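Overview (structure and organization)
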Amino acid sequence: MAGRLSVGTYSVLVFLTQRLLWPLTRLGDTLDRYQRAMASTNRVLNLLDTPISIPTGDIRLPISSIKGALQFKNVTFYYDERVPVLRYFSLKIPAGKTTAFVGATGSGKSTLVKLILRFYEVQYGQITLDGIDITQLNLRDLRRAIGLVSQDIFLFHGTVAENIAYGSFDATDEEIVKAAKIAEAHEFIAQLPSGYQTIVGERGQKLSGGQRQRIAIARAVLKNPPILILDEATSAVDNETEAAIQRSLDRITKNRTTIAIAHRLSTIRNADCICVMEEGRVIESGLHEQLIEHNGVYASLWRVQSGIK
Ligand SMILES: Nc1ncnc2c1ncn2[C@@H]1O[C@H](COP(=O)(O)OP(=O)(O)OP(=O)(O)O)[C@@H](O)[C@H]1O
Ligand SMILES: [Mg+2]
């Protein structure tokens, strides 16, 4: 306005500010990315630094040689310094048979499973697989031997097929479909927008509870392990689907060590042995008919569920 600046100089000045500003805005973006990368790196490195609290043993156990006999010998276990969940717990789970656990919530059924898989270490006593202490076994071999349908199912952000094949990464598409059929999951998967290639969302949130359970069953079936553990595996599916899954499972669990945990007693009534748990102890065990005959806790549970007075 004072006429002291020539038009040319003025234009250069304006362009200069632009030249300066654009890189500056980019700088903010770069800084943001840098921070994110640092946060992620920290998390990954922290994870890598986490000391392994469950050391692996040395004894290798080829999957083909596993019979699947499990035994708890005087096991005492507590999560933290509170009351023990299991106290001097002893139990034999024979190979090739189905052993069922029932009992009140919090009685320690899932804890048994976690101990077999060595998610936690027992404080006293030992657990053996085919006569070998599981702490001496190679951890990978131990876990490879067991197929688990856990009470809280974890699905990964990926496709249905990837989630079923998790743990059996070299499975072919036909095998995946076959496992899904056994788990009564094929029909609903086929109806999903992209079938087996549908993304299930973070933790499988785009699926219903019963659908997630069936994918988890398919995953365990595909793994074809010597030991199968079903912890409330069909609790979220309707009765008709449950009966269908049960029929397929009856075939699969034949001659395979199976541990079945259920609140709905109808699903486990054909087990070779039913153990009734209460506060970390087995208070009754036997065949369904024997337990009904015995007229104890199981019999009263059965009466409640079947509606017989
Ligand atoms: N991670 C944990 N930390 C501390 N305590 C735990 C943990 N998991 C389970 N517990 C406790 O251990 C006890 C047994 O739990 P567990 O999960 O084995 O019961 P459950 O028989 O499987 O019950 P449900 O039928 O409800 O599944 C409960 O009292 C529970 O509070
Ligand atoms: Mg449980």
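Just so you know, these numbers come straight off a predicted model, no measurement behind them. (Residues numbered from 1 in each chain as written. Chains lettered and ligands numbered in written order. Predicted model: local features only at pLDDT ≥ 70, side-chain atom pairs only at ≥ 80, totals over all residues. Heavy atoms only, no water.)

Topic: the layout of surface pockets
Of the pockets and cavities examined, the largest pocket occupies roughly 1000 Å³. Every residue lining the largest pocket is counted, 30 residues in all, and those nearest its centre are Phe 119, Arg 143, Leu 148, Tyr 166 and Lys 223. Secondary structure elements with two or more residues in the lining of the largest pocket: α2 (109-116), α3 (139-144), β6 (146-149) and α7 (209-223). For the lining of the largest pocket, a count of residues per class yields 16 nonpolar, six polar and eight charged. Its boundaries defined by the atoms lining it, the second largest pocket holds a volume of some 560 Å³. As for the second largest pocket, its lining consists of 31 residues, and the residues nearest its centre are Thr 98, Gln 246, Asp 250, Thr 267 and Ile 268. Secondary-structure elements contributing two or more residues to the lining of the second largest pocket are α8 (239-253) and β8 (257-261). The element best represented in the lining of the second largest pocket is α8, accounting for seven residues. When the residues that make up the lining of the second largest pocket are grouped by side-chain class, the tally is nine nonpolar, 13 polar and nine charged. (1 Å grid on protein atoms, 1.4 Å probe; cavity = no way out; pocket = protein on both sides within 12 Å on 5 of 7 lines; lining within 4 Å. Points joined across faces, edges and corners; volume = space filled by probe spheres on them. Helix = DSSP H or I, 4+ residues; strand = E, 2+ residues; numbered from the N terminus. Nonpolar A, V, L, I, M, F, W, Y, C, P; charged D, E, K, R; others polar.)

Overview of the nonpolar core
By size, the foremost hydrophobic cluster in this structure holds 34 residues, and its most contacted members are Val 160, Ile 164, Ile 176, Ile 189, Tyr 196 and Ile 217. Counting only elements with at least two residues in this core, the list comes to α4 (160-164), α5 (173-182), α6 (186-191), α7, β7 (227-231) and α8. With seven residues, the top contributor of residues to this core is α7. Other than its neighbours up to four places away in sequence, Ile 176 contacts Ala 161, Ile 164, Ala 165, Ala 171, Tyr 196 and Leu 222. Leu 61, Phe 89, Val 113 and Leu 142 belong to the second largest nonpolar core, which has 32 residues in total. (Core = buried A, V, L, I, M, F, W, Y, C linked by side-chain atoms within 4.5 Å. Buried < 20%, exposed > 50% of the residue type's maximum accessible area, 1.4 Å probe, protein only. Contact = heavy atoms within 4.5 Å.)

Quick look at the coordination of the magnesium ion (ligand 2)
Within the protein, the atoms that donate to the magnesium ion (ligand 2) are Ser 110 (OG) and Gln 151 (OE1), at distances of 1.8 to 2.3 Å. Taken together, the positions of Ser 110 in helix α2 and Gln 151 in the loop between β6 and α4 put the pair 41 residues apart, joining distant regions of the chain. Classification of Gln 151 by relative accessible area gives partly exposed; the value is 44%. (Donors = N, O, S within 2.8 Å, 3.2 Å for Na, K, Ca; no water.)

What to know about a negative patch on the surface
Together, Asp 170, Asp 173, Glu 174 and Glu 175 give the surface a local cluster of negative charge. Note that Asp 170 resides in the loop between α4 and α5. (Patch = residues over 30% accessible without salt bridge, like charges linked within 9 Å, V, L, I, M, F, W, Y side chains within 5 Å. Areas by Shrake-Rupley, 256 points an atom, 1.4 Å probe, with all protein chains shown as cover. Salt bridge = Lys/Arg side-chain N within 4 Å of Asp/Glu carboxyl O. Lys, Arg positive; Asp, Glu negative; His and termini not counted. Charge placed at Lys NZ, Arg CZ, Asp CG, Glu CD.)

Considerations on the site of ligand 1
Around ligand 1, the structure places 15 residues, and the nearest of them are Thr 105, Lys 109, Ser 110, Thr 111 and Gln 151. The contact in question runs from an oxygen atom of ligand 1 to an N or O atom on the side chain of Lys 109, over 2.7 Å. In the environment of ligand 1, an oxygen atom lies 2.7 Å from a nitrogen or oxygen atom belonging to the side chain of Gln 151. Here ligand 1 has 630 Å² of accessible area as a free molecule, and 68% of this is covered by the chains. For the shell around ligand 1, a count of residues per class yields four nonpolar, eight polar and three charged. (Near = heavy atom within 4 Å. Polar contact = N/O pair within 3.5 Å; in protein donor to acceptor, adjacent residues only side chain to side chain.)

Regarding the confidence of the model for the chain
Averaged over all residues, the pLDDT of the chain is 90; the fraction at 70 or higher stands at 100%. Mean pLDDT values for the elements of the chain range from 84 in α8 up to 94 in β8. (pLDDT = per-residue confidence, 0-100.)

Describing the pattern of salt bridges
Counted by the stated rule, this structure contains six salt bridges. For the salt bridge of Asp 29 with Arg 33, the shortest nitrogen-to-oxygen distance reads 3.6 Å. Highlighted residues: Asp 29 and Arg 33, both in helix α1 (residues 7-49), separated by four residues, approximately one helical turn. For Asp 29, a relative accessible area of 39% gives the class partly exposed. Classification of Arg 33 by relative accessible area gives exposed; the value is 57%.

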